[in-house]
Amino acid sequence: MEVGPYAGRPFLSPVAVPPARPGPWPVVAAAVAGCWTVAVVAPAELVGWLADQVRLATGLDRVVWLWPVVAVVTVLLAGVPALLLALLPRSGAVRATGRAWLGGLLALGALTGLRALPPVHHEAYLAALAATAVLLAVVLPRLVRGPAPAPASTPPAAGRPADPAPPAGPDRPHDHAAPTAPAGPRGTVPAAPPAVTWLAVAAGLATLLPWAWFGALGGLLETVLAAAAAAAVGVLAGALLDARFWARLAGGPPHRPARLVLVGGLVAGVTLLLLAAGTGQSGAQLPALLTLPPLGFALAALQAPALRSGGPVGPAPARWLVGLAAFGPLAFADPEEITLLLAATRDVPFWVAVAAAGGLAVAALLAIVYGVLLARPNGHAPSRPVAVATVGVLLAGAALVHLGPGQPGLHGERLLVVLREQADLSGVPTGGTGQAGRDARAREVYRRLVETAERTQAGLRRDLTRLGLGPTPYYLVNAIEVDGGPAVRAWLSGRREVDRVLLSQRLRPLPAPAPTSRGDQAAPSGPAWNVSLLRADQVWSQLGVTGAGIVVGSSDSGVDGRHPALAGGFRGGDDSWYDPWDHTRAPTDQGGHGTHTTGSAVGRDGIGVAPGASWVGCVNLDRNLGSPARYLDCLQFMLAPFPAGGDPFTDGRPERAPQVLTNSWGCPPIEGCDPAALRPATDALDAAGIFVVAAAGNTGPYCRSIEDPPATYPDVFTVGATDRDRQVADFSSRGPVPGAAKPDVVAPGVGVLSAMPGGGYATLDGTSMAAPQVAGVVALMWSANPTLVGDLERTRRILRDTAVPAGATYASRDPADACGGDANISGAGLVDAYAAVRAAR
């Protein structure tokens, strides 16, 4: 029976209507969002690092909230476009792009927040990075994509029709619905073909080659944790760039591998940029920003052979490739050394940049080779034996590079163990006036220091030697330097005889020495302007005093002993030079800073205040950085010089100690010092009758910017800097300092001409230039009146009483910036050598 409106008409079966292709706008939006993400993330990381470095260079405290704020701003600015891409477009490929970028941004935010940890605790940071990355790898895929989809179809039960295909919807667009993973257990993704996995390992090893050449490993624990952190970042990359991600980008058949390499490489590259931005502390993320993103193209190319055989590969290629690539900057560069303080010469920042550029070149080459090899129309992955052999060759090559032109071995930080009991120096007999009295006091101080160290360190030294921790004992501060990481530090901190344990910075070696700093100016034709401003030239001409008979000790980057202005003043003998860094046997200087400062104190040809005085030298700075132990090495040598290769405990000669010490350095927390780290050392030098001069620092005009030892100690004579017009330099650090009035005086420190390695001269600025001139004035005073030698209190009083006013400068016009009075900016005033020498007679 025919009923209805179609009665009598032939039956019309449904006609399939071709799905409409989406317009180009989702793709355009994705491209714009990708460019915006790169434009936000890369500058934010650079600006954040620069802000951190500027505060470090100016002596300001780290801003703990800096990196969390950078993370929040970055995620907010770049996260909105990524979120819109993840939710709105009908194209599965575009949504997959947005979800990968959204996951990368969330990872960036979480990982960047870890930089609130102090850089000196690098092991703790690496452990936190590893744990956080693994947690993110578990959480983020479910957060941004939801659970893994079920297989595309399931076999029907007997006698039951198959389930219909799910209707089109937000997750199944009409255009080329993305296939799910090939059939298998519910929610699983396919494993990578063995050859593809080995190719990913080969690519990761190739990116390590520049780091194995130009970098150097830290300590054992630091290296192990860097490997764990890099592996965790690789796992995180595999979780974001898994098989479902590549399936969405590939679309349905027919697959176009070349397009996948180009488009997929760009999308994966932005994702890796986000992970790189969160990987590394204190600048270590910057080289990763260059190396990791181009590897996205190699990852995309590794999908091509698998797509031809039925579907994309799982996360294994991304895990291996990204993990090995991230290991380079995490393990082969100390983040504390990627600093603007070392950027002026070919130091760590230069070689990190070279390694990063090499990694970028390798990544680009991999993208081209893998793209041509795997994405061509009939391209296939090499056989597994070929891929394995490639890995073997690259692994052997990386080992040979590291052991050959590289810097083999482990170069971790050491620990300075400060003992509770320090030597009792009360009641040291004066021993009379002048040099004889000073020598008697120095001998007694040396005896007490050594006796205390030998008695209190014996048991601890035995334990440290038995454990193979390489103890180096000290007596000037009762302390021992040892190898060890956090576990050793915790064990030592719990011992009864130990007061505290400090980090002792050790620089990692360079692939080539930094070039020697040289001067480009000629010697002055007469006394330099700063010498005349202090009226030292009048002391020479009118009083006939040049500093003869006095020895000035310089602890700095070294001294060029062959410089014509300094060669004649070297005291000579086997106990006038000590280099604990490189163990050189004759005075030398790579950085130039020590040659310049020594020249300002005792240099001839018009550059030095006391050209008739002699000098001895010690190297406590290597590449402009030091450590508590190296500072102690030199201060011990100045109290009791010993011959080359001698034992400071048994071979010290306190009667050969210089009378005056000039110190144009400070030991900040980044080098391992705390405020009291060197206090026993300066107390002992004071008790021995040795006059210690120190630079105030160059972190002005902020109040309370004199904060690094030894300038803060009351028994040290602290010197700020002025210009030609007797105005305190803006950079000159100032007080107040708890328990002391600082600076004590000021001296010329702007545009000071002095010696440089190689025989030339140069003008430099800094309180480093001012301090040695005051040491030279003391040499003139004690040369004019030998009975004043060792009388520290009277010498300090004369220097303050004869100083002339200097113009104070302020951070602003706010009276609060007066730092509690001009005395905390300019001290007693500008030193007057002529008046001081006349008063000393």
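Further up the page is the structure itself.
If you're wondering where the values come from, they're calculated on a predicted model, not measured in any experiment.

Thoughts on the overall build of the protein chain
Across its full length, the protein chain holds 24 helices and 15 strands. Looking at the protein chain as a whole, 57% of its 841 residues are labelled buried. A fraction of 80% describes how many contacts in the protein chain between residues 6 or more apart in sequence connect residues 24 or more apart. For the protein chain, the computed accessible surface area is about 33,200 Å², with 63% contributed by carbon and sulfur atoms.

Here's the deal with the sheet that holds strand β7 (residues 551–556)
Spatially, seven strands are ordered β8-β9-β7-β10-β11-β12-β13 in an open sheet, and the strand pairing comes out parallel. Where the open sheet ends on each side, the last strands, each with one partner, are β8 (577–578) and β13 (745–748). Across four bridges, the pairing between strand β10 (residues 660–663) and strand β11 (residues 691–695) is parallel. Pairing of Thr-662 across the sheet is with Val-693, part of β11. Along the sheet face, helix α19 (residues 628–639) touches β7, β8, β9 (614–619) and β10 and points at about 150 degrees away from the line of β9.

So, the pairing of strand β12 (residues 717–722)
Buried residues dominate β12, accounting for six of its six residues. The alternating pattern of β12 places Phe-717, Val-719 and Ala-721 and Thr-718, Gly-720 and Thr-722 on opposite faces, both of which are buried. Here three bridges tie β11 to β12, and the two strands are oriented parallel to one another. Bridging across to β12, Ala-694 finds its partner in Thr-718.

Brief notes about unusual backbone geometry
The linkage connecting Gly-700 with the following residue, Pro-701, adopts the cis geometry, with an omega of 5 degrees. Notably, Arg-535 is not glycine yet its phi reads approximately 65 degrees, a positive angle. You can see Arg-535 is positioned in the loop between α16 (529–533) and α17 (536–543). Phi at Asp-605 takes a positive value of approximately 65 degrees, unusual for a residue other than glycine. Following the sequence through the fold, Asp-605 ends up in the loop between α18 (593–602) and β9.

Some remarks on the pairing of strand β3 (residues 414–419)
Burial within β3 is extensive, with six of its six residues counted as buried. The alternating pattern of β3 places Arg-414, Leu-416 and Val-418 on one face and Leu-415, Val-417 and Leu-419 on the opposite face, and all of these are buried. As judged from the six bridges shared by β3 and strand β6 (residues 498–504), these two strands associate in the antiparallel manner. Within β6, the position partnered with Val-417 by the bridge is Val-501.

Re the sheet that holds strand β4 (residues 472–474)
Here four strands make up an open sheet; going across it, the order is β4-β5-β3-β6 and the pairing antiparallel. Both outer strands of the open sheet, β4 and β6, are each paired with one neighbouring strand and no more. Neighbour to neighbour, the strand axes of the sheet diverge by 25 degrees on average, direction disregarded. Along the sheet, helix α15 (residues 486–493) makes contact with β3, β5 (479–483) and β6, crossing β6 at roughly 160 degrees.

Brief notes about the environment of Gly-561
Residue position: Gly-561 is located in the loop between β7 and β8. Discounting residues that sit within four places of it in the chain, Gly-561 has contacts with Ala-567, Pro-587 and Trp-615.

Description of the pattern of salt bridges
Within the structure shown, the criterion is met by 32 salt bridges. For the salt bridge of Asp-674 with Arg-500, the shortest nitrogen-to-oxygen distance reads 2.6 Å. In this pair, Asp-674 sits in the loop between β10 and α20 (679–687) while Arg-500 sits in strand β6, placing the two residues 174 residues apart along the sequence. Taken together, the shared-partner salt bridges in this structure form one network comprising Arg-414, Glu-481, Asp-483, Arg-630 and Asp-633.

Topic: the packing of aromatic side chains
Per the counting criterion, the structure on display carries 14 aromatic pairs. Relative to Trp-351, the ring of Phe-214 has its centre 5.7 Å away and its plane inclined at 20 degrees; by these criteria the two rings are stacked. In this pair, Phe-214 sits in helix α5 (residues 194–214) while Trp-351 sits in helix α12 (residues 348–375), placing the two residues 137 residues apart along the sequence. Relative accessible area serves as the criterion here: at 13%, Trp-351 is assigned to the buried category.

What counts and what doesn't
Residues numbered from 1 in each chain as written. Predicted model: local features only at pLDDT ≥ 70, side-chain atom pairs only at ≥ 80, totals over all residues. Heavy atoms only, no water. Helix = DSSP H or I, 4+ residues; strand = E, 2+ residues; numbered from the N terminus. Buried < 20%, exposed > 50% of the residue type's maximum accessible area, 1.4 Å probe, protein only. Contact = heavy atoms within 4.5 Å. Areas by Shrake-Rupley, 256 points an atom, 1.4 Å probe, with all protein chains shown as cover. Pairing = 2+ DSSP bridges. Axes fitted to C-alpha atoms, helices over the stretch in contact; angles between N-to-C directions. Salt bridge = Lys/Arg side-chain N within 4 Å of Asp/Glu carboxyl O. Phe/Tyr/Trp six-rings, centres within 6.5 Å; stacked < 30°, edge-to-face > 60°.

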